Amino acid sequence: MNKASKTETGSSLVADNLARAIHEHRLAPGMKLSEDEVGEIYGVSRTVVRAALQQLSHERLIDLKRNRGAFVAQPTVKEAREVFEARSLLEPRTARSAAERMTDAHIAALQSHIDAEHEALAQGDTGRALHLSGMFHIEIARIADQATIADFVTQLVSRSSLIIALYWQRRAALCESHAHDALLQALATKNGALAEELMKNHLLDLLTSLDLRAVGSAAQSLKEALR
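Everything numeric here is computed off the predicted structure, so don't read it as measured data.

J.: Give me the lowdown on the nonpolar core, citing residues and values where you can.
T.: In this structure, L110, I140, I163, Y167, L187, A195 and L210 are the most contacted members of the largest nonpolar core, which totals 30 residues. Breaking this core down by element, the ones donating at least two residues are helix 4 (77-101), helix 5 (104-122), helix 6 (126-143), helix 7 (147-167), helix 9 (179-188) and helix 10 (192-208). When residues of this core are assigned to their parent elements, the largest contribution, six residues, is made by helix 4. Residues I22, V38, A73 and L226 belong to the second largest nonpolar core, which totals 22 residues.

J.: I'd like to hear about the packing of aromatic side chains, residue by residue, with values.
T.: This structure, assessed with the given rule, holds zero aromatic pairs. Between K65 and the ring centre of F71, over which it is positioned, the NZ or CZ distance is 5.0 Å.

J.: Run through unusual backbone geometry, naming residues and quoting values.
T.: A negative phi angle characterises most non-glycine residues, just as the trans form characterises most peptide bonds. Not every positive phi belongs to a glycine, and N67 is a case in point at roughly 65°. Here N67 is to be found in the loop between strand 2 (62-65) and strand 3 (69-72).

Criteria and cut-off values
- Residues numbered from 1 in each chain as written.
- Predicted model: local features only at pLDDT ≥ 70, side-chain atom pairs only at ≥ 80, totals over all residues.
- Heavy atoms only, no water.
- Core = buried A, V, L, I, M, F, W, Y, C linked by side-chain atoms within 4.5 Å.
- Buried < 20%, exposed > 50% of the residue type's maximum accessible area, 1.4 Å probe, protein only.
- Helix = DSSP H or I, 4+ residues; strand = E, 2+ residues; numbered from the N terminus.
- Phe/Tyr/Trp six-rings, centres within 6.5 Å; stacked < 30°, edge-to-face > 60°.
- Lys NZ or Arg CZ within 6 Å of the ring centre and 35° of its normal.

Below, the structure written as structure tokens:
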């Protein structure tokens, strides 16, 4: 493997690890990502870190600010509303399409997401549960076999992770909600109309769990967040 390929592979691994930390809310919105510190944590050069940060910037997970460095992105209230409005337009119809294409393998894959989500909740790992919840939605979009829409849903779910980290006021909603179980049942029975309705209601419930008035913060060191 040549030097360029090694750099590309290394930056992808760092980007994947940072993205997971963001999705699992171990890296809070607004947290500064020092190139030197990230490089030290992962044992890579600043060149590799810089490439990883560029990749995450393209995915809108971080903001690169001139002469200030890289920061985990902080979606505005306006963007929060727009993201969930876009999801409410795309995902209910996607759920209907997925219901028409469900196979036993698809059902098993979605059930594994739900099981892992419940396990994370039982362990008190809310961040991981939220990440798995997002992956459940992305998997439904993939099952619908609509690649372009699935790409949009993936981006929107990614932004939603940051939005929830900033604005979520009702964390107990994860424990109280059985929305994914009900969705899976509708999908498994190929009831597209019910799957569409359940997805619509689920996304509305997520939106109402947000407090779009204030922004909290969760300060911690990079080493603590990425360990």
